[in-house]
Amino acid sequence: QPLVLAFSTASSAAAYAQGTIDLVHKMGLPENDVGLGFPMGMVCSKASDIFGRVIAVLFIAYQTGTPLGVSAWPAVALVAYTTALSVPPVAGGGIAVLPVLLSQFGLPTSSLPLLIILCILTDNAMTVANFLGAETIVYAQTVKKTKKA
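Just so you know, these numbers come straight off a predicted model, no measurement behind them.

Parameters and conventions
- Residues numbered from 1 in each chain as written.
- Predicted model: local features only at pLDDT ≥ 70, side-chain atom pairs only at ≥ 80, totals over all residues.
- Heavy atoms only, no water.
- Salt bridge = Lys/Arg side-chain N within 4 Å of Asp/Glu carboxyl O.
- Helix = DSSP H or I, 4+ residues; strand = E, 2+ residues; numbered from the N terminus.
- Buried < 20%, exposed > 50% of the residue type's maximum accessible area, 1.4 Å probe, protein only.
- Axes fitted to C-alpha atoms, helices over the stretch in contact; angles between N-to-C directions.
- Parallel < 35°, antiparallel > 145°, perpendicular 65-115°, else oblique.
- Left-handed = near helix turned anticlockwise from the far one by under 90°.
- Contact = heavy atoms within 4.5 Å.
- Nonpolar A, V, L, I, M, F, W, Y, C, P; charged D, E, K, R; others polar.
- Core = buried A, V, L, I, M, F, W, Y, C linked by side-chain atoms within 4.5 Å.

## A closer look at the pattern of salt bridges
For the structure shown, the criterion picks out one salt bridge. Where Lys 26 meets Asp 22, a salt bridge forms, and the shortest distance between an N and an O atom there is 3.8 Å. Of this pair, Lys 26 and Asp 22 are both found in helix H2 (residues 12–26), four residues apart, which corresponds to roughly one turn of the helix. We classify Lys 26 as exposed; its relative accessible area is 63%. Judged by its relative accessible area of 10%, Asp 22 is buried.

What follows is the structure in structure tokens.
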């Protein structure tokens, strides 16, 4: 149910309450672990956002003929991660950081309309992937902690 909510709203914040209930009551995870780990996971687990931003930068660099060699890819990934952390958990929140990402690598902001369309088309699926990542982090940490005890 929280995954359907995350997909249909493209907002991890909208699915947070139901996700918390499911982790505690359906999966049997301790409430303290979920209360701390789940919000932290939602902030830090943005793998699909990072991947999508790296691909977007490389795509725009290729399309505009802007040289961006393989040696620049780690910097692209770092900036993508940093901007992903600042994205609010609302539908279309990732659009706000696109100009920063493009300008950081000298790419033209005239590419924004194309990237905005791509963000809108992929936002729902990326939200579900990020939400699953947050749940996985909480589950893995709880299992690891339980095995140590």
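Picking up where we left off.
## Side note on the packing of helix H4 (residues 47–64) against helix H7 (residues 112–148)
Where H4 contacts H7, the two axes come as close as 9 Å, and the packing angle between them is 155 degrees. Considered as vectors, H4 and H7 are oriented roughly antiparallel to each other. Crossing of H4 against H7: the hand is right-handed. Along its contact with H4, which presents Ala 47, Ser 48, Asp 49, Ala 56, Phe 59 and Ile 60, the element H7 presents Leu 114, Leu 115, Met 126, Ala 129 and Asn 130. Taken together, the residues that form the contact of H4 with H7 break down as eight nonpolar, two polar and one charged.

## Topic: the nonpolar core
Where a protein is soluble and globular, its nonpolar side chains tend to be buried together. Val 57, Leu 68, Val 76, Leu 102, Phe 105, Leu 107 and Leu 115 are the most contacted members of the largest nonpolar core, which totals 20 residues. Looking at this core, the elements with two or more residues in it are H4, helix H5 (73–85), helix H6 (98–104) and H7. If you tally residues by element for this core, the top one is H4, at six residues. Those residues in contact with Phe 105, other than ones at most four positions away along the chain, are Val 57, Thr 66, Leu 68, Ala 75, Val 76 and Val 79. Within the second largest apolar cluster, twelve residues are counted, among which are Ala 6, Met 42, Phe 131 and Val 138.

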